[in-house]
Amino acid sequence: MSELKTGFVWHELYMWHNTDGHTLFLPSGMSLEPYRHVENPDAKRRVKNLLDASGLSSQLELLVPRKASTVDLARAHTEQHVVDVKLKNEQGRRDAGALAPLGEGSYEIARLSAGGLLSALDAIHSGDIQNAYALVRPPGHHAEAALSMGFCIFNNGAVAARYAQSVLGYSKIAIIDWDVHHGNGTQAIFWDDPSVLTVSLHQDRCFPPDSGHTHENGEGPGLGYNLNVPLPSGSGRGAYLAALEQVAIPALERFQPDLIFVACGYDAGAFDPMARQMLSSEAFGQMTALIKDAAARLCGGRLLMYHEGGYHAETVPYFALRVIEELAGIQTGVEDPFLMAAEALGGQGLQPHQSEMIDQAAMNLEAIGS
Ligand code: ZN
């Protein structure tokens, strides 16, 4: 049997989503020199650059993204929301909702971002590739059915999960979200739906504020199919691996998904300006290995990872390189110059107060599949 490649979704237009001119957290009426929006192309473009320079991208199956149609988007969003975003963009409005910057053409680029995941799913479904990584922008996991939020215009992962079910015929989708912020949009969209398991590992009460508690478990038929693991700030490799080993992986085992998604943010990285966690490239690689193994055991290796946040342009490329190396089973030999600095941070091992939070999250596992 020939070894199938890992698919890779990329489009130059992802970098053209223009958030410049939007300032974050700038109190109105104050005089402060304008600065770049934190969700700018730098980190992601540098991921692409490192993948190219390392020779890894030439060993991946390059997938050309298509634009998600209104029908595709409206499986996860209200049709009104899709129309509203288009209209706001045409009118030159600068925000699609709540902290979700719009630049010229952003509506179309957001469709291309969600569509990138659909192209990846098509390739996985056809058996042309073993798994895929979608380096898309803008990100998606904060966007709710009727609200763009937190740099996210449309919920790429949710649109893809619905597409996998409605068009490709998969029944059960599991979404593991390790972006440092709570995957509130994904949680809300599948809140009462037991066919999509959502598990979010995030920094406790980082963003959105007061969101992502362990007791948020879904409702109605979806009760039990949403899990949150809020990790205290200062969590490192030990806490994240324990959260995966003790909550996310057992949740997958109980759920028996047909497809696994990873909402792959890198803002739990040690030097990220938007959060206070301590992951290194090696930690991201180990986390990927755990999920890849679970996918091999549970769903024929069908795994789609897609880029969410991650704002430290120097380190994010090394994190993503390790993740994609692991996903593809290819070592480039490129060394991460920031690895030692991240690993040397005190408290990388699992701490008692982190363990307590993980134990609390694990108590919600029993409802899955029962
Ligand atoms: Zn994030």
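Refer to the preceding data block for the structure.
So, how was this worked out
- Residues numbered from 1 in each chain as written.
- Predicted model: local features only at pLDDT ≥ 70, side-chain atom pairs only at ≥ 80, totals over all residues.
- Heavy atoms only, no water.
- Salt bridge = Lys/Arg side-chain N within 4 Å of Asp/Glu carboxyl O.
- Helix = DSSP H or I, 4+ residues; strand = E, 2+ residues; numbered from the N terminus.
- Buried < 20%, exposed > 50% of the residue type's maximum accessible area, 1.4 Å probe, protein only.
- Donors = N, O, S within 2.8 Å, 3.2 Å for Na, K, Ca; no water.
- Tetrahedral: all angles 85-135°; square planar, octahedral: opposite > 155°, others 65-115°.
- Expected span 1.5 Å × (residues − 1).
- Contact = heavy atoms within 4.5 Å.
- 1 Å grid on protein atoms, 1.4 Å probe; cavity = no way out; pocket = protein on both sides within 12 Å on 5 of 7 lines; lining within 4 Å.
- Points joined across faces, edges and corners; volume = space filled by probe spheres on them.
- Nonpolar A, V, L, I, M, F, W, Y, C, P; charged D, E, K, R; others polar.
- Pairing = 2+ DSSP bridges.
- Right-handed = clockwise from strand over helix to strand, strands pointing away.
- Axes fitted to C-alpha atoms, helices over the stretch in contact; angles between N-to-C directions.

> Sorry if this is basic, but what is going on with the pattern of salt bridges here?
Any two side chains of opposite charge can pair if their charged atoms end up close together. Across all of its chains, the model carries 19 salt bridges by this definition. Measuring nitrogen to oxygen at the nearest pair gives 2.9 Å for the salt bridge that ties Glu-12 to Arg-45. Of the two residues, Glu-12 sits in the loop between strand S1 (6-9) and helix H1 (42-54) while Arg-45 sits in helix H1, which places them 33 residues apart along the sequence. By relative accessible area, Glu-12 is classed as partly exposed at 31%. Its salt-bridge partner being Glu-108, residue Lys-67 comes within 3.1 Å of it at the nearest N-O pair. Highlighted residues: Lys-67 in the loop between strand S2 (61-63) and helix H2 (70-73) and Glu-108 in helix H4 (residues 106-126), separated in sequence by 41 residues.

> Any chance you could explain the coordination of the zinc ion here in plain terms?
Put simply, the ideal angle at a metal is 109.5 degrees for four donors in tetrahedral geometry and 90 or 180 degrees for six donors in octahedral geometry. Only Asp-179 (OD), Asp-179 (OD), His-181 (ND1) and Asp-267 (OD) from the protein reach the zinc ion as donors, at distances of 2.0 to 2.7 Å. Note that the zinc ion binds four donor atoms; their angles at the metal cover 53 to 155°, and the shape is irregular. Sequence spacing among the residues donating to the zinc ion works out to D-x1-H-x85-D. Of the two residues, Asp-179 is situated in the loop between strand S4 (173-177) and helix H6 (184-189) and Asp-267 in the loop between strand S7 (259-264) and helix H8 (281-298); the sequence distance between them amounts to 88 residues. For the residue pair Asp-179 and Asp-267, the accessibility class agrees, reading buried in each case.

> When you look at unusual backbone geometry in this model, what are you seeing that I'm missing?
Leaving glycine aside, a negative phi is the common case for residues, and trans is the common case for peptide bonds. In this structure, the amide linkage connecting Arg-137 to the following residue, Pro-138, adopts the cis form with an omega of 5°. On the secondary structure map, Pro-138 appears in the loop between strand S3 (131-134) and helix H5 (156-166). The linkage connecting Phe-207 with the following residue, Pro-208, adopts the cis geometry, with an omega of -15°. Non-glycine residue Arg-205 carries a positive phi angle of around 50°.

> Looking at this structure, I do not really get H8. What am I missing?
Three or four residues apart is the spacing at which side chains of an α-helix point the same way, because the helix has 3.6 residues per turn. If you check H8, its first and last C-alpha atoms are 26 Å apart, about what 18 residues at 1.5 Å a residue would give, namely 26 Å. Turning to H8, its buried residues are Ser-281, Ala-283, Phe-284, Gly-285, Met-287, Thr-288, Ile-291, Ala-294, Ala-295 and Leu-298. Those residues of H8 hidden inside the fold are in contact with S4, helix H7 (237-255), S7, strand S8 (303-307), helix H9 (316-328) and helix H10 (339-343). With its phi angle positive at about 60°, Gly-300 sits one or two positions after the end of H8.

> Any chance you could explain empty space enclosed by the protein here in plain terms?
To find the voids left in a structure, one rolls a probe of water-molecule size over its atoms. Applying the stated criterion to the full structure yields one cavity of 30 Å³ or more. Of the volumes computed, that of the largest cavity is approximately 40 Å³. In this structure, the largest cavity is lined by Asp-177, Gly-183, Thr-186, Gln-187, Thr-198, Val-199, Ser-200, Asn-226, Leu-227 and Asn-228. Residue assignment for the lining of the largest cavity shows that the elements contributing at least two residues are H6, strand S5 (196-203) and strand S6 (226-231). Taken together, the residues that form the lining of the largest cavity break down as two nonpolar, seven polar and one charged.

> I'm lost on the pairing of S8 in this one. Help?
The buried fraction of S8 amounts to five of the five residues, a majority that puts the element mostly inside the structure. The alternating pattern of S8 places Leu-303, Met-305 and His-307 and Leu-304 and Tyr-306 on opposite faces, both of which are buried. Here S3 runs beside S8; their pairing, made up of three bridges, is parallel. Bridging across to S8, Tyr-133 finds its partner in Met-305. Note: S7 against S8, five bridges, orientation parallel. Bridge pairing in S8 places Cys-264 opposite His-307. Between the parallel elements S7 and S8, the chain passes through H8 in a crossover that is right-handed.

> Just to check I follow, could you spell out the sheet that holds S5 for this structure?
Whenever strands of a sheet pair, they do so through backbone hydrogen bonds, lying parallel or antiparallel. Taken together, eight strands build an open sheet; the order of strands is S2-S1-S3-S8-S7-S4-S5-S6 and the sheet is parallel. Two strands in the sheet have a free side with no partner beyond their single neighbour: S2 and S6. Put simply, the sheet's adjacent strands are angled 15° from each other on average, direction ignored. Taken together, the six bridges between S5 and S6 define a ladder with parallel strand orientation. The residue bridging Thr-198 from the neighbouring strand is Asn-226, located in S6.

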